[in-house]
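# A closer look at the structure
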Amino acid sequence: MTASIDIHKESLHFACAHFTIFGSDHRENLHGHNYFVRATASGPIDDNGLCFDYNTLKNEIELICNKLDETTLLASESPYLKFESDDDYVTVIFGDERLLFLKRDVLLLPIRNVTVEELATWFLDQLTSCDVFPELAMTELVLTISSGPSQSASVSWVAN
């Protein structure tokens, strides 16, 4: 017998600033979101009546959320952005614009754009590569990132 465990708690969120890039000459203004993370994990029910210790999964999700919280997220893999930095600042170059950020406020993520699709993919990659992930007896994991009640993206991992 298998079961699916749905994990969505108030603590599984992060607040950040970002802008989405729509092409070489069009981007959103810098703005913020309160993103929420939801995970649905499936696996066999063991002799103790559990699929896995889902507190471990919740803790790992919360650690990743904390890493993103209260930052300005920038897409380091975007073909439309260039970056310069010194000891204190990161300068983002988009076309003829130069956006200056304090280095301590910025997190460069290896993604192409700061969208719910890219964030969900990056987040799932972080989660599946953490040290404790192999201990969780999951056969499938669906991770959803939402930027509001009506906008989200889900990505899946399936065991081999």
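Data block above holds the structure.
Summarised in this report is the structure supplied together with it. (Residues numbered from 1 in each chain as written. Predicted model: local features only at pLDDT ≥ 70, side-chain atom pairs only at ≥ 80, totals over all residues. Heavy atoms only, no water.)

### What about the overall build of the protein?
Keep this limit in mind: Strands are runs of DSSP state E lasting at least two residues, helices are runs of H or I lasting at least four, and both sets are numbered from the N terminus onward. Think of it in three bands: residues with accessible area under 20% of the maximum for their type are buried, residues over 50% are exposed, and the middle band is partly exposed, with areas taken using a 1.4 Å probe on protein chains only. Contacts: residue pairs with any heavy atoms within 4.5 Å of one another. In short, Shrake-Rupley with a 1.4 Å probe defines the accessible areas, and a residue's cover is counted only from the protein chains shown. For the charge count, each Lys or Arg is scored as positive and each Asp or Glu as negative, with His and the chain ends excluded. To locate a charge, take NZ of a lysine, CZ of an arginine, CG of an aspartate or CD of a glutamate.
A count of helices and strands for the protein gives 2 helices and 12 strands. Secondary structure elements of the protein, listed N to C terminal, follow the sequence β-β-β-β-β-α-β-β-β-β-β-α-β-β. In terms of principal-axis extent, the alpha carbons of the protein reach across some 60 × 30 × 30 Å. Among the 160 residues that make up the protein, the fraction classed as buried is 42%. A separation threshold of at least 6 residues defines the contact pool for the protein, and within that pool the share at least 24 residues apart is 62%. As displayed, the protein has an accessible area near 9,000 Å², and 46% of this comes from carbon and sulfur atoms. Charge-centre separation for the protein: the mean point of 10 positive side chains lies 5 Å from the mean point of 25 negative side chains.

### Remarks on the side chain of His18
Just so we agree on the cut-off: Here a polar contact is recorded for every N or O atom pair within 3.5 Å, except that within protein the pair must consist of a potential hydrogen donor and a potential acceptor, and residues adjacent in sequence are included only if both atoms are side-chain atoms.
For His18, the position within the fold is in strand S2 (residues 13-18). Taking the relative accessible area as the measure of exposure, His18 reaches 3% and is therefore buried. Only 3.4 Å separates the side chain of His18 from the side chain of His33, close enough to count as a polar contact. Ignoring any residue separated from it by four or fewer positions in sequence, one finds His18 in contact with Glu28, Asn29, Leu30, His31, His33, Tyr35, Leu73 and Val114.

### Points about the pairing of S2
Put simply, the test is: DSSP calls a pair of strands paired once it identifies at least 2 bridges connecting them.
Of the strand pairs in this sheet, S2 and strand S5 (residues 31-44) are connected by 6 bridges, and their pairing is antiparallel. Of the residues in S5, the one forming a bridge with Cys16 is His33. Bridging between S2 and strand S6 (residues 71-75) involves 2 bridges; their strand directions are parallel. In the sheet register, Cys16 faces S6, and the bridge partner there is Thr71.

### Observations concerning the pattern of salt bridges
Where we set the bar: Salt bridge, as used here, is a side-chain nitrogen of Lys or Arg placed within 4 Å of a carboxyl oxygen of Asp or Glu.
Overall, the coordinates contain 4 salt bridges when judged by the stated rule. When the shortest N-O distance is used, the salt bridge between Glu84 and Arg98 registers 2.9 Å. Placement of Glu84 in strand S7 (residues 81-85) and of Arg98 in strand S9 (residues 97-102) is noted, with a sequence separation of 14 residues between them. Classification of Glu84 as partly exposed rests on a relative accessible area of 38%.

### Regarding the side chain of Arg27
Inspection of the secondary structure puts Arg27 in strand S4 (residues 26-27). Of note is the side chain of Arg27, whose polar atom sits 2.8 Å from the side chain of Glu97. In this structure Arg27 touches Phe19, Thr20, Ile21, Phe22, Phe94, Glu97 and Leu99, once residues within four positions along its chain are discounted.

### Regarding the environment of Ile7
Along the chain, Ile7 falls in strand S1 (residues 2-7). Classification of Ile7 by relative accessible area gives buried; the value is 4%. When the C-alpha positions of Ile7 and Ser76 are compared, they lie 30 Å apart, and in sequence the two are 69 residues distant. Not counting chain neighbours up to four residues away, the residues in contact with Ile7 comprise Leu12, Val37, Arg38, Ala39, Tyr54, Leu57 and Lys58.

### Focus: the environment of Leu109
Inspection of the secondary structure puts Leu109 in strand S10 (residues 106-109). Sequence separation of Leu109 and Leu119 is 10 residues, and the distance between their C-alpha atoms is 9.0 Å. Setting aside anything within four residues of it in sequence, one finds Leu109 in contact with Leu68, Leu73, Leu74, Ala75, Ser76, Glu77, Leu119 and Trp122.

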